[in-house]
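Breakdown of the fold
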Amino acid sequence: MASVIPAFNSSMRSDRNTYVGKRFVHVKNPYLDSMDEDILYHLDLGTKTHNLPAMFGDVKFVCVGRSPNRMKAFALFMHKELGLEEAEEDIKDICAGTDRYCMYKTGPVLTISHGMGIPSISVMLHELIKLLHHAQCCDVTIIRIGTSGGIGIAPGTVVITDTAVDSFFKPRFEQVILDNIVTRSTELHKELSEELFNCSKEIPNFRTLIGHTMCTYDFYEGQGRLDGALCSFSREKKLAYLKRAYKAGVRNIEMESTVLAAMCGLCGLKAAVVCVTLLDRLDCDQINLPHDVLLEYQQWPQLLISNFITRRLGLCD
Ligand SMILES: O=P(O)(O)O[C@H]1O[C@H](CO)[C@@H](O)[C@H]1O
Ligand SMILES: O=c1cc[nH]c(=O)[nH]1
């Protein structure tokens with residue numbers, strides 16, 4: 001039977017926030033140092049084939065999201081907002097040699113797609129964190145921009161996550177390692193979420209709030225939907241569950257935040273999750289927004305993050 005390693009032990013806690021001066025991205029793997037070469041297979045990069053410090057050493061912001069198209073659009077948008085001189089056509093997918101993920105770099109902003117769900121984002125995060133470590137990056141902020149299902153809030157609202165929680169509304173991510181379940185904390189960076197919230201106030205008509213985000217392993221049964229291929233619970237049970245989630249502070253549901261919070265917290269990256277809601281799950285399960293509204297909603301998190309980054313870089317009035 002799998003043993004459960006207790007959550008939040010003191011060494012874990014001290015790993016998360018102690019640093020003096022520059023905060024380097026660190027890996028927690030004693031084997032890495034002894035490797036002659038590290039091949040970041042899913043990113044099509046490596047320590048022998050690429051000069052990672054030269055390519056990525058100046059990265060300060062990493063923006064991640066599910067879709068390659070959305071992330072390319074975001075990178076081009078950032079390029080414009082940062083007023084970079086390089087021609088748009090020269091912004092190329094750094095991971096073009098693999099079709100797993102896409103990656104663009106515009107000044108100090110690295111933009112990467114992560115696919116859908118915990119397994120997909122976690123593979124990307126392992127290699128991204130190693131990449132930032134090999135490149136000797138410091139003081140890096142990572143932000144996931146995405147979509148979600150809201151609970152008890154109007155569609156189109158942007159939720160800035162304070163804590164990512166699992167399906168039991170607990171701030172934890174359970175990783176199966178060998179035949180153990182290792183539980184990791186999923187607190188996100190409080191000051192960062194507040195800074196993002198303050199930034200949002202500068203954007204006209206921006207509906208936003210700070211709340212817990214529930215991260216599930218599935219879009220249908222895992223999020224209590226009645227419209228999947230399988231459904232073994234009643235409408236009443238579904239609503240009771242979502243109302244309990246609301247009472248526990250959950251304002252939206254998506255599928256990547258817990259592992260992002262857990263891994264980044266352990267490796268010295270300040271992390272945030274900013275997702276727009278596409279529907280209110282107390283009202284419905286199907287996403288029936290017209291395409292143009294869907295596109296408009298998806299732009300809200302991007303707008304907030306570009307505002308945040310340009311402010312941080314002192315490019316705003
Ligand atoms: O819009 P994205 O970023 O993909 O986020 C949400 O949407 C997907 C499900 O449709 C999941 O990846 C979930 O996390
Ligand atoms: O309901 C939703 C909408 C977007 N993404 C999710 O994971 N759930």
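Above this text sits the structure in question.
Residues numbered from 1 in each chain as written. Chains lettered and ligands numbered in written order. Predicted model: local features only at pLDDT ≥ 70, side-chain atom pairs only at ≥ 80, totals over all residues. Heavy atoms only, no water.

Helix-helix packing is described using two parameters, namely the angle between the two axes and the distance between the axes. Remark: helix H3 (residues 68-81) packs on helix H8 (residues 291-312), axes separated minimally by 11 Å, with the N-to-C direction vectors making an angle of 35°. In this structure, H3 meets H8 at a crossing whose hand is right-handed. In contact with Arg70, Phe74, Phe77, Met78 and Glu81 of H3, H8 contributes Gln298, Gln302, Leu303, Ile305, Ser306, Ile309 and Thr310. When grouped by side-chain class, the residues that make up the contact of H3 with H8 number six nonpolar, four polar and two charged. (Axes fitted to C-alpha atoms, helices over the stretch in contact; angles between N-to-C directions. Helix = DSSP H or I, 4+ residues; strand = E, 2+ residues; numbered from the N terminus. Left-handed = near helix turned anticlockwise from the far one by under 90°. Contact = heavy atoms within 4.5 Å. Nonpolar A, V, L, I, M, F, W, Y, C, P; charged D, E, K, R; others polar.)

Let's shift gears to the site of ligand 2. The environment of ligand 2 is made up of Thr147, Ser148, Gly149, Phe219, Gln223, Arg225, Ile253, Glu254, Met255, Leu279 and Ile287. Gln223 is positioned such that a nitrogen or oxygen atom in its side chain is 2.8 Å from a nitrogen atom of ligand 2. A distance of 2.6 Å separates an oxygen atom of ligand 2 from a polar atom in the side chain of Arg225. For ligand 2, the accessible surface in isolation is 230 Å², of which the surrounding protein chains cover 93%. At the level of secondary structure, the elements contributing two or more residues to the shell around ligand 2 comprise strand S7 (141-150) and strand S12 (250-254). If you tally residues by element for the shell around ligand 2, the top one is S7, at three residues. Its residues assigned to classes, the shell around ligand 2 shows five nonpolar, four polar and two charged. (Near = heavy atom within 4 Å. Polar contact = N/O pair within 3.5 Å; in protein donor to acceptor, adjacent residues only side chain to side chain. Areas by Shrake-Rupley, 256 points an atom, 1.4 Å probe, with all protein chains shown as cover.)

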